[in-house]
Amino acid sequence: MGYTIAEKILAAKSGKTSVRPGEIVDAYPDLVMSHTATWRSVSVMQKVGASKLYDPDRLAVVLDHIAPAKTEKNATDQQVSRNFARTNGINKFYDVDAGIAHLVLMEAGHVAPGDLIVGTDSHCTIYGSLGALGTGIGYTEVASVWITGKLWMKVPETFKISLSGKLAPGVYSKDLMLYLIGTLGADGCGYKAVEFHGDAVTGLSVSERMTMTNLAMEMGVKCAFVPPDAKTEEYLRGRLDESKRYQPVYADADAAYEKELSVDLGKLEPMVACPHEVQNTKPIQAVEGTRIDQAFLGSCANAKYEDLEVAARILKGRRIHPNVRLIITPGSKEILLEASKTGVFQTLLESGGMFTNPGCGACAGDGGIMADGEVCLSTANRNFIGRMGSSKAEIYLSSPATLAASAIKGVISDPREFF
Amino acid sequence: MEQTIQGRAYKFGDNVNSDIIIPGRYLIYIDRERLAQHAFEVLGEGFPAKLREFQILVAGRNFGCGSAREQAATAIQGLGIQAVVACSFARTFYRNAINDGLPIFECPELYPDVQEGDSLRIDLAASKIHLREKEYAFPQLPDSVKKILELGGLAAYLKTQLHGT
């Protein structure tokens, strides 16, 4: 019986020849990401009286939530993180200008197939879009990995999701994920690894794959993978940092999957997650006509260049509804730069949208807070109560295309009429 | 960690996410008291004050899902809650609770039988929860993980690893 991607990576990172689900190993991550929470891990180091890092080159620090600082407290916390990075010679330090940690680290070539990556963020699962095992941990545990280089990990069972067919125009991998989360539930893949397979995967861009492995978190996964292929290699060519090599890890043909399911992409339609749970998904027809006050094009799920481009294609030559504020928070500086070169930036501005600086933005409760009774349509990955300000506000989640169509109409709208 | 945890139970449903437990805007704090003041406040009137009358939280499936914020476990401890018993936990909350020294137990059989205010007794050595005349078994944590919890969390565990005390 063969092995899955998660089993192979966890075996390799714990110095074993093989591991099976349920086994607990001491694993040594290749990269430990900490974002705005970094100062908290620094405080843990002080508390336990540790000063030496296991390997400074394995640390990555990215200040992305609430960046730049909006209060003196934020500023002081960021100062602690910044000083920590400088004092300890952290080369992979990215300040408040860079963008969302996950996207910044992948763009900078710090994520390679087969890597084990942990970090202070649940959406570390996104690294699986490049074939790496990414998973979230708390800030105390991050400090522990900084000091000891390792953490205990349980080897998860793996689910195999096979994709066939082709997405219809106006339908995206975000819709696929909302469909899956709605069907399987918020813990449908609780503690499991998920591998996406099938002919249709090769047709999906790396950006679409990032959305998939990011959103997979919302069905409870520990990690999710798109097996590397020519598109992965192309994305990483010239990008991987000097310490990395392109060495994909694949599942064996006879790997043991706990569960297998398949989805025909051709049958999917635009989906929307309704308040206040991501699993509360509905096909677009069921929510069409719902008034929106704000449209947020942002987050690690869907504020990549392709996402902005999709929105711009729909908004080109059109104006957003006068009652809607369209807030665009690019995922990273690299994305914003590209958008400014290609005209996407201008198109989105001319349509009536506004840009904030790259980062987590409204998804982390920064620029774009909602008032009582307001409704936001967001391309993010969470619509939990109170996540964007008032607990009496409502958040719906959709693809960037649905968002753009809805911003024009002022109500949740089917994007397919624009294709 | 005490060998017996006893107290009145407050009951939640499924999928209580960590944004509900502690909203993102309070993650600028890491101390228990400060966080506890805002724990579960999005649930509306009476929260979190009413939770201070309970010592054990009982929940359905996937408790603590969503964000990896460790303060979810810290905030619950700040309320004076001594243990959480759920049908299942989201993995980030599970790890954070252990690392924060908050005892957690998976026991789906108990859930349907518990009413708000019921008195529970959790016997750690016997791996049993007592409710009225009935007892419910829960799986033991792996030894290495149990050690972290017994010392009161990962920071304390690290201290003993680093300094031997």
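Quantities reported herein were computed from a predicted structural model and do not represent experimental measurements. (Residues numbered from 1 in each chain as written. Chains lettered and ligands numbered in written order. Predicted model: local features only at pLDDT ≥ 70, side-chain atom pairs only at ≥ 80, totals over all residues.)

Q: Would you explain the overall build of chain A in this entry?
A: A count of helices and strands for chain A gives 15 helices and 18 strands. C-alpha atoms of chain A, sized along the principal axes, occupy 55 × 55 × 40 Å. Counting the 419 residues in chain A, one finds 61% classified as buried. Partitioning the intrachain contacts of chain A with sequence separation of at least 6 by distance along the chain shows that 78% fall at a separation of at least 24. (Helix = DSSP H or I, 4+ residues; strand = E, 2+ residues; numbered from the N terminus. Buried ≥ 20, exposed ≤ 12 C-beta atoms within 10 Å, placed from the backbone. Contact = placed C-beta atoms within 7 Å.)

Q: Where do I start with the overall build of chain B in this structure?
A: Helix and strand counts for chain B stand at 6 helices and 7 strands. Listed by position from the N terminus, the elements making up chain B come as β-α-α-β-α-β-α-β-β-β-β-α-α. For 165 residues, the compact-globule formula gives about 15 Å, and the C-alpha radius of gyration of chain B, at 15 Å, lands near that figure. With the principal axes as the frame, chain B shows a C-alpha extent of 45 × 40 × 25 Å. Within chain B, contacts between residues at least 6 apart in sequence are counted, and of these 68% link residues at least 24 apart. (Rg over C-alpha atoms; globule rule 2.2 N^0.38 Å.)

Q: When you look at the domain arrangement of chain A in this model, what are you seeing that I'm missing?
A: Put simply, an interface is often sized by how much accessible area is lost when its parts join up. All names here are of chain A. Taken domain by domain, chain A comprises domain 1 (5-244 + 253-263) and domain 2 (271-418). Facing the 33 residues of domain 1 at the interface are 28 residues of domain 2. Contributing elements (two or more residues each) for the side of domain 1 that touches domain 2: α4 (101-107), α6 (173-184) and α8 (206-215). Ranked by the residues each element gives to the side of domain 1 that touches domain 2, the list is headed by α6, at 6 residues. Partitioned by chemical class, the residues of the side of domain 1 that touches domain 2 number 15 nonpolar, 11 polar and 7 charged. (Domains from an automatic or database assignment. Nonpolar A, V, L, I, M, F, W, Y, C, P; charged D, E, K, R; others polar.)

Q: I'm lost on the interface of chain B and chain A in this one. Help?
A: Facing 33 residues of chain B, the contacting portion of chain A comprises 38 residues. Contributions of two or more residues to the side of chain B that touches chain A are made by α1 (18-21), α4 (91-100), α5 (143-150) and α6 (154-163) of chain B. Here the side of chain B that touches chain A gets 6 residues from one element, more than from any other, and that element is α6 of chain B. Its residues placed into classes, the side of chain B that touches chain A shows 14 nonpolar, 12 polar and 7 charged.

Q: Just checking my understanding: could you explain the environment of R95 of chain B for this structure?
A: Within the secondary structure, R95 of chain B is located in helix α4. Residue classification places R95 of chain B among the buried residues on the basis of 28 C-beta atoms within 10 Å. Note: C-alpha distance between R95 of chain B and E70 of chain B (25 residues apart in sequence) is 8.8 Å. For R95 of chain B, the contacting residues outside a window of four places in its chain are I137, G138 and E141 of chain A.

Q: I would appreciate a short explanation of the nonpolar core in the present structure.
A: Soluble, globular proteins show a tendency: their nonpolar side chains are buried together. Counting residues in each nonpolar core, the largest one holds 201 residues, and the members touching the most others are V62, I117, L308 and A311 of chain A together with I76, V84 and V85 of chain B. Ignoring anything within four residues of it in the chain, the contact list for V85 of chain B reads I56, V58, F105, C107, L110 and I129 of chain B. (Core = buried A, V, L, I, M, F, W, Y, C linked by C-beta atoms within 7 Å.)

Q: It is not clear to me how the packing of helix α3 (residues 71-78) of chain B against α4 of chain B should be interpreted in this structure. Could you clarify?
A: For any two helices packed against each other, one specifies the inter-axial angle together with the distance between the axes. Residue and element names in this part refer to chain B. α4 packs onto α3 with a crossing angle of 55° between their chain directions and a minimal axis gap of 8 Å. It follows from the interaxial angle that α3 and α4 lie oblique. Here the hand of the crossing between α3 and α4 comes out right-handed. Of the residues in α4, those touching α3 at A72, A73, T74 and Q77 are F93, N96, A97 and D100. When the residues that make up the contact of α3 with α4 are grouped by side-chain class, the tally is 4 nonpolar, 3 polar and 1 charged. (Axes fitted to C-alpha atoms, helices over the stretch in contact; angles between N-to-C directions. Parallel < 35°, antiparallel > 145°, perpendicular 65-115°, else oblique. Left-handed = near helix turned anticlockwise from the far one by under 90°.)

Q: Would you mind going over helix α5 (residues 139-148) of chain A with me for this structure?
A: Since the α-helix advances by 3.6 residues per turn, residues separated by three or four positions end up pointing in the same direction. Residue and element names in this part refer to chain A. Most of α5 sits inside the fold, with 9 of its 10 residues counted as buried. Within the span of α5, buried status applies to Y139, T140, E141, V142, A143, S144, V145, W146 and I147. Just downstream of α5, G149 is the residue with a positive phi angle, here 80°.

Q: Would you explain the sheet that holds strand β11 (residues 259-264) of chain A in this entry?
A: Sheet strands line up and pair through hydrogen bonds in the backbone, either parallel or antiparallel. All names here are of chain A. With respect to topology, 4 strands assemble into an open sheet ordered β10-β9-β8-β11, the strand pairing being parallel. Each edge of the open sheet carries a strand with a single partner, namely β10 (223-225) and β11. Between one strand axis and the next, the sheet turns through 20° on average, direction left out of account. (Pairing = 2+ DSSP bridges.)

Q: How do you make sense of the sheet that holds strand β2 (residues 56-59) of chain B when you look at a structure like this?
A: All names here are of chain B. Here we have 7 strands laid out as an open sheet, ordered β4-β3-β2-β1-β5-β6-β7, and mixed in their pairing. Taken across any chain shown, the strands that pair with only one partner, and hence form the sheet edges, are β4 (104-106) and β7 (134-137). With direction set aside, neighbouring strand axes in the sheet form an average angle of 30°. Taken together, the 4 bridges between strand β5 (residues 119-123) and strand β6 (residues 128-131) define a ladder with antiparallel strand orientation. Counted as the bridge partner of L120 is L131 from β6.

Q: Please explain the pairing of strand β18 (residues 394-397) of chain A as it appears in this structure.
A: In regular strands, side chains alternate between the two faces of the sheet. Residue and element names in this part refer to chain A. Taking every second residue as pointing to the same face, both faces of β18 are buried, with E394 and Y396 on one and I395 and L397 on the other. Here strand β17 (residues 375-378) pairs with β18 via 4 bridges, running parallel. Bridge pairing links S378 to L397 in β18.

Q: Any chance you could explain the confidence of the model for chain B here in plain terms?
A: Any residue range with low pLDDT should be treated as having predicted coordinates unsuitable for detailed reading. Residue-level pLDDT values for chain B average 96, and 99% of them are 70 or greater. The ipTM, which scores confidence in the relative placement of chains, is 0.97 for this predicted complex, and the corresponding pTM is 0.98. (pLDDT = per-residue confidence, 0-100.)

Q: Mind showing me how you'd approach the packing of helix α2 (residues 38-48) of chain A against helix α3 (residues 72-87) of chain A here?
A: Residue and element names in this part refer to chain A. For the pair α2 and α3, the least separation of the axes is 8 Å and the interaxial angle reads 65°. Here α2 lies roughly perpendicular to α3, going by the angle between them. The handedness of the crossing between α2 and α3 comes out as left-handed. Taking contact as the criterion, the partners of T38, W39 and V42 in α2 are, on α3, D77, V80, S81 and F84. Residue composition of the contact of α2 with α3, by class: 4 nonpolar, 2 polar and 1 charged.

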